[in-house]
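In case you want the letters, here they are:
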Amino acid sequence: MNKKFGILFRISGLPGSGKTEVAKLIHPKINSIFGPTIMWSGDDLRKNFNNNSYKFKDRVNFSLQNIDLIKLINSQKINVIFATVGLSSEIRKIFKKEIPNYIEITIKSKISDLKKRKDRKFYNNNSKNVWGKDIKIEFPKKSDVIIVNDFKKNLNYMGNFILKNLTKLKKLKNFMI
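Residues numbered from 1 in each chain as written. Predicted model: local features only at pLDDT ≥ 70, side-chain atom pairs only at ≥ 80, totals over all residues. Heavy atoms only, no water.

Draft legend 1. Molecular detail of the overall build of the protein. The helix and strand inventory of the protein stands at 6 helices and 5 strands. Its helices and strands in sequence order give the protein the pattern β-α-β-α-α-β-α-β-α-β-α, from N to C terminus. Looking at the protein as a whole, 45% of its 177 residues qualify as buried. Excluding contacts between residues fewer than 6 apart, the proportion of contacts in the protein whose partners are at least 24 apart in sequence is 78%. (Helix = DSSP H or I, 4+ residues; strand = E, 2+ residues; numbered from the N terminus. Buried < 20%, exposed > 50% of the residue type's maximum accessible area, 1.4 Å probe, protein only. Contact = heavy atoms within 4.5 Å.)

Right under this line is the structure:
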């Protein structure tokens, strides 16, 4: 880890797994423990940059643009919490290579649980380019923090679990305020 840069806390998981909600929940605490921190989701960036393509090649290109933005922000010693699907080993390798202070947080959920949620209709309809339906899921073999969201635990539990495990990571000890 390099103290000349901020930290990227990259939260990945399937759509509907709770990434953005957990990111919003842990943002104030990450800010108080590790210093100035901003938070956004892949959906936020898509909306702000008017990117509506979900083809895999376009997802990779969009990820490369995200990396450039994160590098710029991290170079100013500002941390980023980025909630994104990002379940591609190709994309993950690029993030790890390009971002000096990379922390990977994975939220795992079963598609069968996600299909039961009323707000995730695209798992049950004719939507195209959906992770786990049309695009192969490649969960990381080893993340810094892994949490299983079976939708029986509340968000506070998940947020506290992530924070507790982040503060245990030896590579983050020098970054704690």
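Draft legend 2. Summary view of the pairing of strand 5 (residues 145-148). Here strand 5 shows one buried face, formed by Val145 and Ile147, and one open face, formed by Ile146 and Val148. For strand 4 (residues 102-108) and strand 5, the ladder comprises 4 bridges, and the chain directions are parallel. Bridge pairing in strand 5 places lysine 108 opposite valine 148. (Pairing = 2+ DSSP bridges.)

Draft legend 3. Focus on the nonpolar core. Ranked by internal contacts, the top residues of the largest apolar core, which has 24 residues, are Phe9 and Leu166. The set of elements that each furnish at least two residues to this core consists of strand 1 (8-13), helix 1 (19-34), strand 3 (79-84), strand 4, strand 5 and helix 6 (155-168). Per-element tally for this core: the top contributor is helix 1, with 6 residues. Not counting chain neighbours up to four residues away, the residues in contact with leucine 166 comprise Phe9, Ile30, Ile103, Ile105, Val145, Leu172 and Met176. The next biggest cluster of nonpolar side chains, apart from the first, holds 14 residues, and it includes Leu8, Phe62, Ile70 and Phe95. (Core = buried A, V, L, I, M, F, W, Y, C linked by side-chain atoms within 4.5 Å.)

Draft legend 4. Broad picture of the sheet that holds strand 4. Strand order in the open sheet formed by 5 strands is 2-3-1-4-5, and the pairing between neighbours is parallel. Here the strands that pair on one side only, and so sit at the sheet edges, are strand 2 (37-41) and strand 5. Here the average twist between neighbouring strands, direction ignored, is 15°. Where strand 2 meets strand 3, 5 bridges bridge the pair, whose relative direction is parallel. Residue pairing for strand 3: threonine 37 is matched across the bridge by asparagine 79. Its contacts with the sheet place helix 4 (residues 89-98) against strand 1, strand 3 and strand 4, and it is angled at close to 150° to strand 4. (Axes fitted to C-alpha atoms, helices over the stretch in contact; angles between N-to-C directions.)

Draft legend 5. Examining helix 4 more closely. Turning to helix 4, its buried residues are Ile91, Arg92 and Phe95. The buried residues of helix 4 occupy an angular sector of 100° when projected down its axis, which confines them to one face. Among the exposed residues of helix 4, those pointing more than 90 degrees away from its buried face are Lys93 and Lys97. By the N-cap criterion, in which a side-chain oxygen at the helix start approaches the backbone nitrogen of a residue two or three places on, helix 4 is capped by serine 88, the distance to glutamate 90 being 3.2 Å. (Arc of directions from axis to C-beta. Polar contact = N/O pair within 3.5 Å; in protein donor to acceptor, adjacent residues only side chain to side chain.)

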